[in-house]
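The lines below spell out each chain.
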Amino acid sequence: MDNRQKEINNLKDYKYGFSTDIENIQAPKGLNEDVIKFISNIKKEPEWMLEFRLKAFERFKVLKEPDWQKPKFPKIDYQDLYYYSAPKSMKDKPKSLDELDPKLLETYKKLGIPLQEQARLNGIAVDAVFDSVSVATTFKDELTKQGIIFCPISEAIQNHPELVKKYLGSVIPTSDHFFATLNSAVFTDGSFVYIPEGVRCPMELSTYFRINASNTGQFERTLIIADKGSYVSYLEGCTAPMRDENQLHAANVELIALDDAEIKYSTVQNWYPGDKDGKGGIYNFVTKRGLCKGKNSKISWTQVETGSAITWKYPSCILKGDNSVGEFYSIAITNNHQKADTGTKMIHLGKNTKSKIISKGISAGSSDMTYRGLVDISSKAKNSTNYTQCDSLLMGNKCGAHTVPYIKNKNSESNIAHEATTSKISEEQLHYCQQRGLNPEEAVGLIVNGFCKEVLQQLPMEFAVEAQKLVGISLEGSVG
Amino acid sequence: MLKINNLNATIDNKSILNGLCLDINPGEVHAIMGPNGSGKSTLSNILSGKKGYEVSGEVLFEEKDLFELETEERAHKGIFLAFQYPLEIPGVNTNIFLKTSLNAVRKARGEKELDAIEFLKLVKEKSKELKFDEEKLNRQLNVGFSGGEKKKNEILQMSLLAPKLSILDETDSGLDIDALKIVADGVNTLRDKNNSFLIITHYQRLLDYIKPDFVHVLMNGKIVKSGGPDLALELEKKGYENFN
């Protein structure tokens with residue numbers, strides 16, 4: 001018996017006794033049907049879910065890793081990854097704040113996150129974790145009263161199979177591209193949101209608590225459904241930097257807005273970007289897609305991307321319902337050796353559909369940034385409009401910025417407008433700010449925040465303040 | 001307050017200042033006049049801390065070696081430069097810029113930072129004094145401002161930051177007579193026994209409104225003649241050529 005088989009056998013023994021010892025559970029290295037069955041099994045998933053995964057895996061086997069993107073990366077050995085890893089055992093975690101990387105603490109301090117919060121973010125203090133759970137529960141009562149479902153997707157698969165079955169994979173099918181399909185096969189957990197007809201969700205929903213409590217892995221799956229006439233604002237990620245050993249993050253996020261519904265999805269992404277020399281860091285290859293399924297529906301993506309070694313994502317809107325609206329507001333910042341190839345796709349299918357794209361790219365150090373966007377207005381999408389504004393700000397002489405818009409307009413009654421600018425923070429501007437008492441980093445923060453203002457304004461208030469600070473911190477050391 | 005001793009400066013191997021000496025005591029107003037290319041702007045650039053020059057000699061500000069201080073530290077210590085060409089910073093709201101600047105300076109001086117309400121009250125007051133269009137405060141910094149508005153904005157900032165030494169680099173150029181008076185008023189309001197001014201100008205005109213204690217003629221990178229206010233009038237009559 002080879003080692004891998006032995007491991008699987010061991011795990012098979014495990015599966016009945018895992019509940020008390022879940023922290024040590026890990027699927028064997030590599031990707032195959034057994035591993036997928038293992039994941040499905042450990043999550044006690046119904047048969048249809050396993051079929052969904054296996055179907056995706058069949059498809060995955062014939063797909064090739066895409067290579068058209070600008071940032072190149074070393075070949076990933078998909079057989080050398082763990083596809084399921086339960087939360088790290090407590091003994092591997094730092095026991096107290098003293099054991100944390102001082103640099104990390106310093107960053108927290110700058111972000112203004114109180115110490116207890118820091119402890120919670122790193123899963124150190126148990127009471128703090130309990131604390132956050134109880135906070136979440138208080139909210140949950142209020143949400144339940146209105147019929148809102150907000151839970152881990154693994155829970156939704158058990159408790160709301162009719163909704164999951166109907167919508168999971170309806171925007172990102174199992175036959176989609178390489179990374180999305182991989183996610184469909186092996187996703188571990190993520191969030192599920194359902195807002196019933198006519199309900200306006202009374203608070204911002206956030207993955208903040210849950211993710212920190214459960215240490216979700218590299219393959220998240222999020223599904224948000226806004227039923228007729230409902231509204232929800234959802235915040236993803238936390239603004240504190242996360243040290244993460246995982247190299248590849250390939251999450252799938254699906255949004256569905258029915259008639260007259262609106263979904264606002266905001267992300268502040270601050271994964272580990274690698275060190276100053278470009279070593280380490282996360283590959284953030286996320287697939288995010290929203291379907292404006294009903295008439296008069298609206299989906300709005302706002303993203304602030306400051307982390308990751310490579311960011312490669314295009315949060316998109318499919319405007320199927322007549323009069324539906326898609327928006328994309330983005331700030332992407334790359335520093336040192338970071339690379340980003342990001343933008344959006346606006347697919348206009350319904351009549352009178354509108355889309356708006358505001359993209360602000362900032363590159364510093366030796367980094368490289370590409371805005372890539374597609375506006376596709378089909379022949380039936382009569383009287384549709386798109387407005388795209390794409391601005392790049394360069395700092396120094398070693399970074400790069402590229403704008404790659406793809407525009408397809410298949411009917412003459414629609415209108416597409418595209419504006420792009422590239423500017424540079426000049427020595428003179430810096431000198432002027434310094435003469436007025438600002439140090440170079442404060443000066444850059446002020447100028448960059450001014451540049452990003454239109455997008456920052458889209459974020460919920462609290463988030464905006466943190467994002468603003470984050471923007472300054474991300475560019476630290478990029479001056480002079 | 002400011003002691004410049006044998007200051008030499010070169011940029012791109014071109015010598016601009018050649019042994020410039022100047023002493024400014026608290027409460028004094030000095031005017032430096034000189035033809036194009038005599039080194040006037042280089043002097044203000046160097047005093048403010050602009051990079052790119054090779055310098056030798058000595059500059060002391062309140063007994064401290066100025067070359068040891070970063071640009072922003074000089075600002076904190078009370079050196080203000082009204083720029084000849086104030087910079088435009090797209091996206092940055094003028095009010096936010098002024099508040100950030102004022103609070104950075106206040107913080108460095110160990111004074112309490114102003115909150116939004118306190119700041120707005122102060123900036124409103126000062127704008128009124130200087131007849132600076134308040135509506136401009138909500139615009140992007142200097143973007144779309146006329147030449148005169150940019151210069152008034154400089155004086156507004158000077159009056160907010162209340163510096164000890166204000167250097168006005170050709171603030172009068174491009175100003176109509178009304179704006180010129182307003183700028184002069186701004187300077188005269190701030191003028192007292194502790195605050196000093198270094199006014200760099202081509203023309204005598206501004207000095208009708210801001211009466212200097214001393215006038216210096218700068219030629220080829222050094223001061224060739226110093227005198228009282230009358231020297232400016234003499235220059236206006238005879239031109240610079242006679243000083244060569």
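It should be emphasised that the depicted structure is a prediction, and the values quoted were computed from it without experimental measurement. (Residues numbered from 1 in each chain as written. Chains lettered and ligands numbered in written order. Predicted model: local features only at pLDDT ≥ 70, side-chain atom pairs only at ≥ 80, totals over all residues.)

**Looking at the overall build of chain A**
Within chain A, the secondary structure is distributed over 13 helices and 20 strands. When the 480 residues of chain A are sorted by exposure, 50% land in the buried category. For chain A, long-range pairs separated by at least 24 residues make up 83% of all intrachain contacts whose partners lie at least 6 apart in sequence. (Helix = DSSP H or I, 4+ residues; strand = E, 2+ residues; numbered from the N terminus. Buried ≥ 20, exposed ≤ 12 C-beta atoms within 10 Å, placed from the backbone. Contact = placed C-beta atoms within 7 Å.)

**A few points about the interface of chain A and chain B**
On the side of chain B, 19 residues touch chain A, which itself brings 16 residues to the contact. Elements that contribute at least two residues to the side of chain A that touches chain B include exactly α11 (427-435) and α12 (440-456) of chain A. Counted by class, the side of chain A that touches chain B contains five nonpolar, seven polar and four charged residues. (Nonpolar A, V, L, I, M, F, W, Y, C, P; charged D, E, K, R; others polar.)

**Observations regarding the sheet that holds strand β14 (residues 325-334) of chain A**
All names here are of chain A. With respect to topology, eight strands assemble into an open sheet ordered β3-β5-β8-β11-β14-β16-β18-β20, the strand pairing being parallel. Only two strands of the sheet have a single neighbouring strand rather than two, namely β3 (205-206) and β20 (415-424). As paired strands, strand β8 (residues 262-269) and strand β11 (residues 298-305) are joined by eight bridges and run parallel to one another. Across the sheet, the residue bridging to Ile263 is Ile299, located in β11. Of the strands in this sheet, β11, β14, β16 (354-363) and β18 (385-394) are in contact with α12, which crosses β16 at around 160 degrees. (Pairing = 2+ DSSP bridges. Axes fitted to C-alpha atoms, helices over the stretch in contact; angles between N-to-C directions.)

**Points about helix α6 (residues 177-190) of chain B**
All names here are of chain B. Given a rise of 1.5 Å per residue, 14 residues ought to cover 20 Å, and the 20 Å separating the end C-alpha atoms of α6 matches this to within 8%. Among all positions in α6, only Ala179, Leu180, Ile182, Val183, Ala184, Gly186 and Val187 are buried. Packing partners of the buried residues in α6 comprise α5 (147-161) and β10 (196-201). (Expected span 1.5 Å × (residues − 1).)

**As for the pairing of strand β11 (residues 214-219) of chain B**
All names here are of chain B. Both strand β3 (residues 29-33) and β11 contribute to a ladder of four bridges, which runs parallel. Bridge pairing links Ile32 to His216 in β11. Bridge analysis of β11 against strand β12 (residues 222-227) gives five bridges, and the strand direction is antiparallel. Bridge assignment links Leu218 to a residue of β12, and that residue is Ile223. Hairpin geometry of β11 and β12 is characterised by an intervening segment of two residues between the two adjacent antiparallel strands and by a positive phi of about 50 degrees at Asn220.

**Thoughts on the environment of A:Phe150**
All names here are of chain A. Assignment of secondary structure puts Phe150 in strand β1 (residues 149-152). Linking Phe150 and Leu205, residues 55 residues apart in sequence, is a C-alpha distance of 8.1 Å. When neighbours within four sequence positions are excluded, Phe150 is seen to be in contact with Leu143, Val193 and Leu205.

**A few points about the nonpolar core**
Residues and elements named next belong to chain A. Counting residues in hydrophobic clusters, the biggest one holds 175 residues, and the most contacted among them are Val193 and Ile263. The greatest single-element share of this core, amounting to nine residues, is contributed by α12. Discounting residues that sit within four places of it in the chain, Val193 has contacts with Ile149, Phe150, Leu205, Ile224, Ile225, Val232 and Tyr234. (Core = buried A, V, L, I, M, F, W, Y, C linked by C-beta atoms within 7 Å.)

**Overview of the packing of helix α2 (residues 33-42) of chain A against helix α3 (residues 47-62) of chain A**
For any two helices packed against each other, one specifies the inter-axial angle together with the distance between the axes. Residue and element names in this part refer to chain A. At a closest axis distance of 10 Å, the pairing of α2 and α3 adopts a crossing angle of 155 degrees. For the element pair α2 / α3, the angle class is roughly antiparallel. The chirality of how α2 crosses α3 is right-handed. In contact with Glu33, Ile36, Lys37 and Ser40 of α2, α3 contributes Met49, Leu50, Arg53, Leu54 and Phe57. (Parallel < 35°, antiparallel > 145°, perpendicular 65-115°, else oblique. Left-handed = near helix turned anticlockwise from the far one by under 90°.)

**Some thoughts on the sheet that holds strand β5 (residues 64-65) of chain B**
Residues and elements named next belong to chain B. One open sheet accounts for four strands, arranged β2-β1-β4-β5; its pairing is antiparallel. Each edge of the open sheet carries a strand with a single partner, namely β2 (14-24) and β5. Here strand β1 (residues 2-11) pairs with strand β4 (residues 54-61) via seven bridges, running antiparallel. Paired with Ile4 across the bridge in β4 is Val59. Helix α1 (residues 40-48) rests against β1, β2 and β4 of the sheet, and its axis sits at about 70 degrees to β2.

**Brief notes about the confidence of the model for chain A**
Residue and element names in this part refer to chain A. Per-residue pLDDT for chain A has a mean of 79; in total, 77% of the residues score no lower than 70. Per-element confidence in chain A is highest for strand β13 (residues 316-319), whose mean pLDDT is 97, and lowest for helix α10 (residues 208-214), whose mean pLDDT is 36. For the stretch residues 4-24, pLDDT sits under 50, and the model shows 19 contacts to residues farther than four places along the chain or on other chains. Taken together, the stretch residues 239-245 has pLDDT below 50 and engages in 22 contacts with residues farther than four places along the chain or on a different chain. (pLDDT = per-residue confidence, 0-100.)

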